[in-house]
Amino acid sequence: MIVDKEKYRFMTDRDYAIKSMKEITFQMATHAQDYLEVTMDRHYEDIKALMVNYQKLILENKMVLEELEMECQEKINEDMAYALSYLDVYGKQLNVTKLKHEMNNLMVIYGLSDMVYRGITLVKYYAPDGVTLSEIIHSCFCSHYNKTDVEVQQELGIGRTSFYKMKKQALRYLGFYFYEIVVPQAKNKRFKPSLGVEEE
């Protein structure tokens, strides 16, 4: 697909945060604090479960994603050599069903990662002490190796009691932004996932 440079532009984290500001401001302005607290509580268990499984997904698929990206970088300027190397191995016996299933899995992983990353970006820019909260989320759930809470505490220099309080707050804000902002955006296709571009 050819991307029209006049129609699309790459979005930075800051661009995305600014673009989402109206929706976040609307949510905050039209609902009482009690409603927001209830909404955060309602999403807390869901986002906690999602992020635990997301962490497992990252750990289990680390090599798949890294190898795919590395292969793409190495082969991108070699014209058809990449495709021909697969034809040499498989000939006409390509397992289309398996390849389609694997590609669909990768698309799900990339799409989910994009949505989670957008949620973390909104936590960073709009939650109180958002930079620290976003670092906690990233270290606890988005690392390529399984960090313990103690490791994250030491890494960020946060005391035990403060850490667990901030971790819960981080997930509450992430749940709110993920389910109330990011997911509706994705359903409305206002932001194109994975491409890092914004529709004008």
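What counts, and where the lines are drawn
Residues numbered from 1 in each chain as written. Predicted model: local features only at pLDDT ≥ 70, side-chain atom pairs only at ≥ 80, totals over all residues. Heavy atoms only, no water. Salt bridge = Lys/Arg side-chain N within 4 Å of Asp/Glu carboxyl O. Helix = DSSP H or I, 4+ residues; strand = E, 2+ residues; numbered from the N terminus. Buried < 20%, exposed > 50% of the residue type's maximum accessible area, 1.4 Å probe, protein only. Contact = heavy atoms within 4.5 Å. Phe/Tyr/Trp six-rings, centres within 6.5 Å; stacked < 30°, edge-to-face > 60°. Lys NZ or Arg CZ within 6 Å of the ring centre and 35° of its normal.

*Asks:* Would you mind going over the pattern of salt bridges with me for this structure?
*Replies:* Side-chain pairs of opposite charge can arise whenever the charged atoms involved come near each other. Counting across every chain of the model gives 6 salt bridges. Residues Arg 118 and Asp 114 are paired through a salt bridge, measuring 2.8 Å at the closest nitrogen-oxygen approach. Pair noted here: Arg 118 and Asp 114 are both in helix α4 (residues 96–126), with a separation of 4 residues, about one helical turn. Asp 149 is paired through a salt bridge with Lys 167; the nearest N and O atoms lie 3.1 Å apart. Remark: Lys 167 occurs in helix α7 (residues 160–188) and Asp 149 occurs in helix α6 (residues 149–156); sequence separation between them is 18 residues.

*Asks:* Please clarify how the side chain of Gln 153 should be interpreted in this entry.
*Replies:* The topology assignment puts Gln 153 in helix α6. Since its relative accessible area comes to 11%, Gln 153 is described here as buried. When near neighbours in sequence (up to four residues on either side) are disregarded, Gln 153 contacts Ile 158, Gly 159, Arg 160, Phe 163 and Tyr 164.

*Asks:* What is the right way to look at the packing of aromatic side chains in this model?
*Replies:* Remark: the centre distance and the inter-plane angle together describe each pair of aromatic rings, the angle taken between the planes. Considering all chains together, one arrives at 4 aromatic pairs under this definition. Between Phe 163 and Tyr 164, the aromatic rings sit 5.2 Å apart at their centres with planes inclined by 75 degrees, giving edge-to-face as the arrangement. Overall, the relative accessible area of 34% leaves Tyr 164 in the partly exposed class. Relative to Tyr 179, the ring of Phe 178 has its centre 5.1 Å away and its plane inclined at 85 degrees; by these criteria the two rings are edge-to-face. Under the relative-accessibility criterion, Phe 178 is labelled buried at 5%. Put simply, the rings of Tyr 173, Phe 176 and Tyr 177 touch in pairs and so form one group of aromatic residues. If you follow Arg 118 out to its NZ or CZ, it ends over the ring of Tyr 16, 4.8 Å from the centre. Sitting over the face of the ring of Tyr 44, Lys 168 holds its NZ or CZ atom 5.5 Å from the ring centroid.

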